Amino acid sequence: MVTKNEAAQAVEKLLSYGREKGLLGRYDWIIARNSLLERLNLAEPCPNELSAHDNNGQDIESALRKGIQDVPDNPQDILNQLLDYAREQGLLRKNTVTRRDLFDTELMGFLMPRQSEVTEQFWRTAEKESIVTATEEFYQLAQNSNYIRRDRISRNRYWRAETDFGELEITINLAKPEKDPEEIAEAGRKHDNEYPRCPLCLENVGYAGRLDHPARQNLRVIPVELNKENWFLQYSPYVYYQEHCIVLARQHHPMQINKNTFQRLLEFLDSFPHYFIGSNADLPLVGGSILSHDHFQGGNHVFPMEMADIEERFQHPDFPGVQAGLLKWPLSVIRLSSADREDIIELAEQIRLCWAKYCDLDRKIKAFTREKGNDEKHNTVTPIARLKNGRYELDLVLRNNRSSQEHPAGIFHPHQNLHHIKKENIGLIEVMGLAVLPGRLKQELGEIKNFLTGDRDLDQDLQAISAAEEVDLEQHREWLTDLLASYGRQNNSQEAERILEQEVGSKFSQVLSDAGVFKRDRQGRAGFKEFMLTAGLTEKD
C-alpha cells in the first residue's frame, strides 16, 4: 500500500531526477510538480523541506536535492511506486504492462523540455562543440526520459558467434513486453482511430497513446533536411545497438528505393559522418515491419558486414573513380566506394535499375510475376551507407521476395528447417550481421541446455516439458537430436551454454545464406558475375 505522503515524496524524487538529468530547467519544477500532483489526485506536495523553499528563499536546485542524496540513474523504481499508488487509487484502470506504460510515459512527459528547445540545443551543441557531442547528448535525453527503457533493454541476451563470415552478433529480444490477451482483443475492436497514421509519423511526438499504439509524450526528434525534404531523426526505443536511430520522412508515404534514396543516405552522412545509415528494402518479406512510412535506420555501430572482405573487384568505364566489389558475405552484396558523391549515386542507381528487371531462372531469380492482370515486382535492394577514410561507401544488398510451393515463406527467406530459430523478415539489421531473435528462445534454449548437461532425457522429457511448461520444444527435436549426437550429454553448464551460442550463430549464418540470391557455390558465383557484367561492370585486373 502506497500512502499519499509516500506518493508525494515520490513526486519530489521524480522532480529531483528530472533536474539532475537535465530534463527540467531552473524554474520548470513548478509546472512539472503541479502537473504530476493533478494527474495523481494529490492536493499538495509532501510537507517537508523539499516543498518549503518558496517560503524560506532557498536556492531552487539545492532545495530540490536536499534530503535526496542519491538520484537514481533510472527513474523506473520511482515510477513503479507512483504506478502502484495510481492503481490503488483507481487512476489506473487495469494493472497491465500496457496500461502502466501509458501512465508512466504520461508522467515522464511532464518533465520533458519542449520540442523547439531540444532542437535548438542540439544544433547549438553541434555548432559550438561537435555533431558527435550533439548526438551523444540527444541519445542521453532519450534514455533519461525513459523513452528508451533501459531496465528492459538490459534483459536482452547478446553474444557473438564465430562463423565462416567472421563473428556474427546475436541478440534475443526481450525488451518488447508481451501484451495481455484482453488488451489485444479490446484494441482489435477499435478501428476508428487512425491518428497518428503509423508509429513513425511525426505526430507521435507528445502523443498520449492507446492500447494499440504506444504513448510518446517523452519522444523528441531532430529535424534534418535531406534532398531538400524535411526528415526527422529520433532514436529507436528498442536500441538493438549503440545509438540506434530512425530517420523518418515528414510525409506519410510508402517505402520506395530509388535514386532519391541514395541521395538522402549520402546527404545524411555529410551531416552525421560518425553514423552509418541504411534503408530496409521496399517490398514485403524482404523489407522491414513498417513499409507504409519511408524511413531509414542508422547509428554508431560497426556491424560484421562492414568488416567483410572484398573477394572480387569490378569497375565501370563511366565511373573510373568508383571502386566496386563483391563481399565475402552470405547475402549477395555489392560494395561501392568513392570520394565523389554524385558518381557513386549514379552507379548505384544504374545497378538498381538493372537488378529491378533482372531474371535468372536457373537460379530461381524472377523479377516479375503476373498477378490478377498486374506485374508484381520481386527484385529490390537493401542499401547501407557509411563514410570511411574520406570516401563514401555504399553497400547494395540484392533482394528478391518471390515464393514457391517448395518455399511458401519465400525462396530467398529462411527456409522451413530454420524457422525454429528465425522465421521473421530478414531486414536491414539482420542483413548486416546482427540477429534479432524472438524472446521465446530464452526459455527454449534454457530447456535445451538441460539435455546437453544430462539433466533431461530426449525420449522421456521432450513432450512432457512442452506440455507442462507451454514451451514448444518439439520444433527443436531434429536440431536437439543432432546436438546430442555431436556433443553428448556430459557437458557442464558453461560448456552447454557455449555450445548453444555457437550453434545458434551457425543457424543464423544459414538464415543469411538462404536470403542470398546468388549462392556461394560455383553456380551462384558465376551468376553474380553475369549480373555484374549485365549492369555494365567488368572484372578488375
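How each quantity is defined
Residues numbered from 1 in each chain as written. Predicted model: local features only at pLDDT ≥ 70, side-chain atom pairs only at ≥ 80, totals over all residues. Heavy atoms only, no water. Helix = DSSP H or I, 4+ residues; strand = E, 2+ residues; numbered from the N terminus. Rg over C-alpha atoms; globule rule 2.2 N^0.38 Å. Buried < 20%, exposed > 50% of the residue type's maximum accessible area, 1.4 Å probe, protein only. Contact = heavy atoms within 4.5 Å. Areas by Shrake-Rupley, 256 points an atom, 1.4 Å probe, with all protein chains shown as cover. Lys, Arg positive; Asp, Glu negative; His and termini not counted. Charge placed at Lys NZ, Arg CZ, Asp CG, Glu CD. Phe/Tyr/Trp six-rings, centres within 6.5 Å; stacked < 30°, edge-to-face > 60°. Core = buried A, V, L, I, M, F, W, Y, C linked by side-chain atoms within 4.5 Å. Pairing = 2+ DSSP bridges. Axes fitted to C-alpha atoms, helices over the stretch in contact; angles between N-to-C directions. Expected span 1.5 Å × (residues − 1). Salt bridge = Lys/Arg side-chain N within 4 Å of Asp/Glu carboxyl O. Polar contact = N/O pair within 3.5 Å; in protein donor to acceptor, adjacent residues only side chain to side chain. Patch = residues over 30% accessible without salt bridge, like charges linked within 9 Å, V, L, I, M, F, W, Y side chains within 5 Å. Left-handed = near helix turned anticlockwise from the far one by under 90°. Nonpolar A, V, L, I, M, F, W, Y, C, P; charged D, E, K, R; others polar.

Asker: Explanation requested: the overall build of the chain in the structure shown.
Answerer: Across its full length, the chain carries 18 helices and 16 strands. Here the C-alpha atoms of the chain give a radius of gyration of 26 Å, agreeing with the 24 Å that 2.2 N^0.38 yields for 541 residues. The proportion of buried residues among the 541 residues of the chain is 55%. Counting contacts in the chain only where the partners sit at least 6 residues apart, residues at least 24 apart contribute 67% of the total. Taken as a whole, the chain presents about 24,700 Å² of accessible surface, with 44% of it coming from carbon and sulfur. In the chain, 68 positive and 86 negative side-chain charges are present, and the distance between their average locations comes to 2 Å.

Asker: Honestly, unusual backbone geometry in this entry has me stumped. Any pointers?
Answerer: Glycine aside, the phi torsion of most residues is negative, and most peptide linkages are trans. Residue Y195 is joined to P196 through a cis peptide bond whose omega torsion reads -15 degrees. Relative to the helices and strands, P196 is located in the loop between α10 (181-188) and β3 (222-226). In the Ramachandran plot, N146 falls in the positive-phi region, its phi being about 70 degrees despite a non-glycine side chain. As for its placement among the helices and strands, N146 is situated in the loop between α8 (131-144) and α9 (150-153). The backbone of E243 sits at a positive phi, close to 55 degrees, despite the residue not being glycine. Structurally, E243 can be placed in the loop between β4 (229-235) and β5 (245-249). By relative accessible area, E243 is classed as buried at 4%.

Asker: Could you clarify how one ought to interpret the packing of aromatic side chains in this entry?
Answerer: Geometry of an aromatic ring pair is reported as the spacing of the ring centres plus the angle between the planes. Per the stated rule, a full pass over the model turns up 19 aromatic pairs. Through successive ring pairs, a cluster of aromatic residues spans F122, W123, F138, Y139, Y235, F268, F272 and Y275.

Asker: How should I be thinking about the nonpolar core in this particular structure?
Answerer: The nonpolar side chains of soluble globular proteins are, as a tendency, buried together. Counting 95 residues, the largest nonpolar core has L233, L336 and F531 as its most contacted members. At seven residues, helix α12 (residues 341-356) tops the list of elements feeding residues into this core. Excluding its chain neighbours within four sequence positions, the residues that come into contact with F531 are I334, I351, C354, W355, Y358, L398 and F518. Membership of the second largest hydrophobic core comes to 52 residues, among which are W159, I421, F508 and V511.

Asker: Could you clarify how one ought to interpret the sheet that holds strand β1 (residues 157-163) in this entry?
Answerer: Through backbone hydrogen bonds, the strands of a sheet pair up, either in parallel or in antiparallel fashion. Reading across the sheet, the three strands line up as β1-β2-β15 and stay open at both edges, with mixed pairing between neighbours. Each edge of the open sheet is held by one strand with a lone partner, namely β1 and β15 (434-437). Within the sheet, the average angular offset between the axes of one strand and its neighbour, ignoring direction, is 25 degrees. Contacting β1, β2 (166-172) and β15, helix α14 (residues 440-452) runs over the sheet at an angle of about 105 degrees to β2. The strands that helix α17 (residues 493-515) touches are β1, β2 and β15; relative to β1, the one it contacts most, it runs at about 70 degrees.

Asker: Quick question: what am I supposed to make of helix α6 (residues 97-109) here?
Answerer: Every α-helix winds through 3.6 residues per turn, so residues three or four apart in the chain are directed the same way. Over its 13 residues, α6 runs 18 Å from end to end, which matches the ideal 18 Å to within 8%, given 1.5 Å per residue. Counting buried residues along α6, 11 of its 13 residues qualify, which places the element largely inside the surrounding structure. What α6 keeps buried is the set T98, R99, R100, D101, L102, F103, D104, T105, L107, M108 and G109.

Asker: Whenever I open this one, the pattern of salt bridges confuses me. Can you help?
Answerer: As a working rule, side chains carrying opposite charge can pair if their charged atoms are close by. Going through the model one piece at a time under the given rule, you end up with 41 salt bridges. Where R155 meets D151, a salt bridge forms, and the shortest distance between an N and an O atom there is 4.0 Å. Classification of R155 as partly exposed rests on a relative accessible area of 45%. D151 gets classed as partly exposed once you look at its relative accessible area, which sits at 23%. As a salt-bridge pair, D270 and R341 come within 2.3 Å of each other at their nearest N and O atoms. Of the two residues, D270 sits in helix α11 (residues 259-271) while R341 sits in helix α12, which places them 71 residues apart along the sequence. The class for D270 is partly exposed, based on a relative accessible area of 39%.

Asker: What is the right way to look at the side chain of E312 in this model?
Answerer: With respect to the helices and strands, E312 occurs in strand β8 (residues 310-315). Residue class for E312 comes out buried when judged on its relative accessible area of 18%. For E312, the side chain forms a polar contact with the side chain of K529, separated by 2.9 Å.

Asker: Even after reading the chapter, I still don't get a nonpolar patch on the surface, so can you show me in this structure?
Answerer: A surface patch of nonpolar side chains, amounting to about 330 Å² of accessible area, comprises Y27, I30 and I31. With respect to the element layout, I30 can be found in helix α2 (residues 28-39). The exposure class of I30 is partly exposed, given its relative accessible area of 38%.

Asker: So what exactly am I meant to see when it comes to the pairing of β3 here?
Answerer: Here is the key point about a regular strand: its side chains alternate between the two faces of the sheet. Covered by surrounding structure in β3 are I222, V224 and L226 only, the residues P223 and E225 on the alternate face being uncovered. Hairpin connection, β3 to β4: the antiparallel pair is bridged by two residues, and N227 has positive phi, about 55 degrees.

Asker: Would you mind going over the packing of α14 against helix α16 (residues 477-487) with me for this structure?
Answerer: Between two packed helices, both the angle of their axes relative to each other and the distance between the axes serve to describe the pair. Look at α14 against α16: their axes get within 10 Å of each other, and the N-to-C directions meet at 35 degrees. The crossing of α14 and α16 is right-handed. Contacts between α14 and α16 involve L445, I448, F451 and L452 from the former and W479, L480, L483, L484 and Y487 from the latter. Split into classes, the residues belonging to the contact of α14 with α16 amount to nine nonpolar, no polar and no charged.

Asker: How should I be thinking about the sheet that holds β3 in this particular structure?
Answerer: Taken together, the 11 strands give an open sheet; going across it, the order is β3-β4-β5-β7-β6-β13-β14-β10-β9-β8-β16, and neighbouring strands pair in antiparallel fashion. With partners counted over all chains shown, the strands left at the sheet margins are β3 and β16 (538-539), one partner each. Bridge count between β8 and β16: two bridges; the pairing is antiparallel. Counted as the bridge partner of Q315 is T538 from β16. Its contacts with the sheet put α11 on β3, β4, β5, β6 (276-278), β7 (295-299), β13 (379-388) and β14 (391-400), and the angle it makes with β13 is roughly 20 degrees.

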